[in-house]
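Close look at the chain arrangement
What follows is the residue order along each chain.
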Amino acid sequence: MEETPVIDLVNSLQIQIEFLQRRTHELETENAKLSAQLSSCVCQKIVESDKTCKLDYDQLNEEMEKQILDENHVKNKSKEKVQDSRSHKMALRHLPKRHIALKVMYFGQRFYGFASEAQMDPTIESEIFKALQQIRLISGDRKELQYSRCGRTDKGVSSVGQVISLFLRSNLKGTAGSNGYCGETFAEESCGGELDYVKILNRVLPNDIRIIGWSPAPADFSSRFSCLSREYKYFFWRGKLNITAMETAGKKFIGEHDFRNFCKMDAANVHNYKRHIRSFEIVTCNERFEGDELWAVKIKGSAFLWHQIRCMVAVLFLIGQCLESPNVIDELLDVERTLRKPQYTMAPEIPLVLRSCEFDGLSFKCSSDARQALRTHLEQECRSYILQAAIFHEALLCSSCASYENNQLNTRTKKKEATHIPLMSRPTEPSYEERRAKLNAGAGTKKYS
């Protein structure tokens, strides 16, 4: 009987201890949550930044370098890291920025074109913006960045001289405009302590995209509208093509003409199809294979229409095969006489390269370290492709195609060659006026439906 009060007391104390333990655990959890919120809060930092207009640039550069080297930091993001990323974006808006142009090289075989507006991935543009965000060179959308591109190359097309322009974070301490994107300019000679844009971007870009130079640009510069000329190069194997006839035909393109019969018409958005071609030439590339020789068409103009180069080259190939006369160029350029484009297949996209874009006042820079790294990278890529070509050549030498053909000579029939239909006798596509009428009729139907 005397033990009962003692047992009750012990049980009561145990209950109180358990309650206190649970409560302590709850308080510790709550304290951890509050600490996490406090550590991710950047309000005080921003207030101090607004008062002093000073941030630790070296520390941010250090963090950027660490992020480039630490892939796990990029791939494995927790909630706390997302909050930290948001704070960095807010801090980036208070850093100096400058308007610059970037010269871009890319090999387009695996990309769905340059522009990322068609919701198809990967594109060159989407990969560039991923890299810019990863190394914290940008904050805000493309409109805020005043982003522009010189050319909009199609799927499979490559470039060794594409140019884009936008506002990027600068290492030079200066006074930004009210929105951080306008009003801030740096003299061209003030590049000594600037970020090495070529070097840091090439560290994170895919192997088939490289930045090959950067240049300070005026605030009103546009890669698209400030461009004076663009030059394309189209590679091809000569085979039995008549180069002289192709050159004679190609010279007819020079000057200002209406190229609606040499493009894929976009009547909804394009209403002027006149373009000025400055130069045209066909050159040898000093590359031979199995008795054949590699050549290239070089075309320079102020601007080009959708698929214009590939359509021009397709007709030139028909002339080189002696299936068409060089005079067919005159007929296709005479849009009053040839109202509708004849149906023909464009030349393939892979051999087409945007070679250069010309601007006034830009001087592209590349540090010696970045230039050496770029050269080493391209040499390695060249060696890799030469090795692959050697393997294919070895396979060609070891193949049994010849013996197979001899064995099958008596059992197979000769393939009938397709009959060529002259361009001016082929079915035609709708004219610009017919396309516009259809668009207007469709718009009227929607209006009254």
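A short note on the overall build of the protein chain
- Looking only at helices and strands, one finds 14 helices and nine strands in the protein chain.
- By the burial criterion, 38% of the 449 residues in the protein chain qualify as buried.
- Long-range contacts, defined here as pairs at least 24 residues apart, represent 79% of the contacts in the protein chain between residues at least 6 apart.
- Of the accessible surface of the protein chain, which amounts to about 27,500 Å², a share of 52% is contributed by carbon and sulfur atoms.

Side note on the environment of Leu439
- Within the secondary structure layout, Leu439 lies in helix H14 (residues 432-448).
- Excluding residues within four positions of it along the chain, Leu439 makes contact with Ala267 and Ala268.

Quick look at a nonpolar patch on the surface
- Together, Leu9, Leu13 and Ile17 make up an exposed nonpolar region whose accessible area comes to about 280 Å².
- Mapped onto the elements of the fold, Ile17 is located in helix H1 (residues 3-40).
- Overall, Ile17 belongs to the partly exposed group, its relative accessible area being 46%.

A short note on the nonpolar core
- Formed by 53 residues in total, the largest nonpolar core has its most connected members in Phe236, Phe262, Val315 and Ile329.
- When residues of this core are traced back to their parent elements, those giving at least two are strand S5 (229-237), helix H9 (243-251), strand S7 (274-289), strand S8 (292-301), helix H10 (308-320), helix H11 (328-333) and strand S9 (352-358).
- The element contributing the most residues to this core is H10, with 10 residues.
- In this structure, Phe129, Ala131, Leu132 and Ala370 belong to the second largest nonpolar core, which totals 31 residues.

As for unusual backbone geometry
- Following Asp121, the chain continues to Pro122 via a peptide bond in cis, the omega torsion being 0°.
- Note on placement: Pro122 falls in the loop between strand S1 (97-106) and helix H6 (124-134).
- Even without being glycine, Gln146 reaches a positive phi, approximately 55°.
- Within the secondary structure, Gln146 is located in the loop between helix H7 (142-145) and strand S2 (148-149).
- Judged by relative accessible area, Gln146 falls into the partly exposed class, the value being 32%.
- With phi around 50°, Glu290 is a residue other than glycine that occupies positive phi space.
- Tracing the sequence through the fold places Glu290 in the loop between S7 and S8.

Topic: the pairing of strand S4 (residues 209-216)
- Here S4 lies mainly inside the structure; eight of its eight residues are buried.
- Summarising the sheet, S1 and S4 pair through seven bridges and their orientation is antiparallel. Within the sheet, the bridge partner assigned to Ala101 lies in S4 and is Ser215.

Observations concerning the packing of aromatic side chains
- Under the counting rule described, the total for this entry stands at 12 aromatic pairs.
- Each ring, one from Phe221 and one from Phe359, has its centre 5.3 Å from the other, and the planes form 55°; the classification is tilted. Taken together, the residues span a long stretch of sequence, with Phe221 in the loop between S4 and S5 and Phe359 in the loop between S9 and helix H12 (368-398) at a distance of 138 residues. Residues Phe221 and Phe359 agree in their burial class; the two are buried.

Structural notes on the packing of H9 against H10
- Following both chains from N to C, one finds H9 and H10 inclined at 140°, their axes separated by 8 Å at the closest point. In this view, H9 runs oblique relative to H10, as classed from their interaxial angle. Handedness of the H9/H10 crossing: right-handed. On H10, the residues touching Ala245, Met246, Ala249 and Gly250 of H9 are Leu316, Phe317, Ile319 and Gly320.
- By residue class, the composition of the contact of H9 with H10 is six nonpolar, two polar and no charged.

Digging into the side chain of Ser126
- One can find Ser126 in helix H6.
- In this structure Ser126 comes out as buried when scored by relative accessible area, which is 11%.
- Those residues in contact with Ser126 that lie beyond four places of it in its chain are Ser116 and Asp121.

Structural notes on the confidence of the model for the protein chain
- For the protein chain, the average pLDDT comes to 83, and 76% of its residues sit at 70 or higher.
- A low-confidence stretch, residues 42-56 stays under pLDDT 50, and its non-local contacts, those more than four residues away or across chains, total 12 contacts.
- Counting interchain partners and residues more than four positions distant, the pLDDT-below-50 stretch residues 175-189 has 26 contacts.

Thoughts on the side chain of Arg260
- Within the secondary structure layout, Arg260 lies in the loop between strand S6 (255-258) and S7.
- There is a polar contact of 3.0 Å between the side chain of Arg260 and the side chain of Asp258.
- Beyond its immediate chain neighbours, meaning those up to four positions away, Arg260 contacts Met265, Tyr273, Val335, Lys341, Tyr432 and Glu433.

So, H9
- Taken as a whole, H9 has its buried residues at Ile243, Ala245, Met246, Ala249 and Gly250. The arc that holds the buried residues of H9, viewed along the axis, is 160°, so those residues lie on one side.
- Check the buried side of H9 and you find it contacts S5, S7, S8, H10 and H11.
- At the N-terminal boundary of H9, the capping side chain belongs to Asn242, with an oxygen 3.2 Å from the backbone nitrogen of Thr244.

Looking at the environment of Arg436
- With respect to the element layout, Arg436 can be found in helix H14.
- Judged by its relative accessible area of 24%, Arg436 falls in the partly exposed class.
- With 169 residues separating them along the chain, Arg436 and Ala267 place their C-alpha atoms 6.2 Å apart.
- Setting aside chain neighbours within four positions, we find Arg436 in contact with Ala267, Ala268 and His271.
- Here Ala267 takes part through its backbone oxygen, which lies 3.0 Å from a polar atom of the side chain of Arg436.

Conventions we followed
- Residues numbered from 1 in each chain as written.
- Predicted model: local features only at pLDDT ≥ 70, side-chain atom pairs only at ≥ 80, totals over all residues.
- Heavy atoms only, no water.
- Helix = DSSP H or I, 4+ residues; strand = E, 2+ residues; numbered from the N terminus.
- Buried < 20%, exposed > 50% of the residue type's maximum accessible area, 1.4 Å probe, protein only.
- Contact = heavy atoms within 4.5 Å.
- Areas by Shrake-Rupley, 256 points an atom, 1.4 Å probe, with all protein chains shown as cover.
- Patch = residues over 30% accessible without salt bridge, like charges linked within 9 Å, V, L, I, M, F, W, Y side chains within 5 Å.
- Salt bridge = Lys/Arg side-chain N within 4 Å of Asp/Glu carboxyl O.
- Core = buried A, V, L, I, M, F, W, Y, C linked by side-chain atoms within 4.5 Å.
- Pairing = 2+ DSSP bridges.
- Phe/Tyr/Trp six-rings, centres within 6.5 Å; stacked < 30°, edge-to-face > 60°.
- Axes fitted to C-alpha atoms, helices over the stretch in contact; angles between N-to-C directions.
- Parallel < 35°, antiparallel > 145°, perpendicular 65-115°, else oblique.
- Left-handed = near helix turned anticlockwise from the far one by under 90°.
- Nonpolar A, V, L, I, M, F, W, Y, C, P; charged D, E, K, R; others polar.
- pLDDT = per-residue confidence, 0-100.
- Polar contact = N/O pair within 3.5 Å; in protein donor to acceptor, adjacent residues only side chain to side chain.
- Arc of directions from axis to C-beta.

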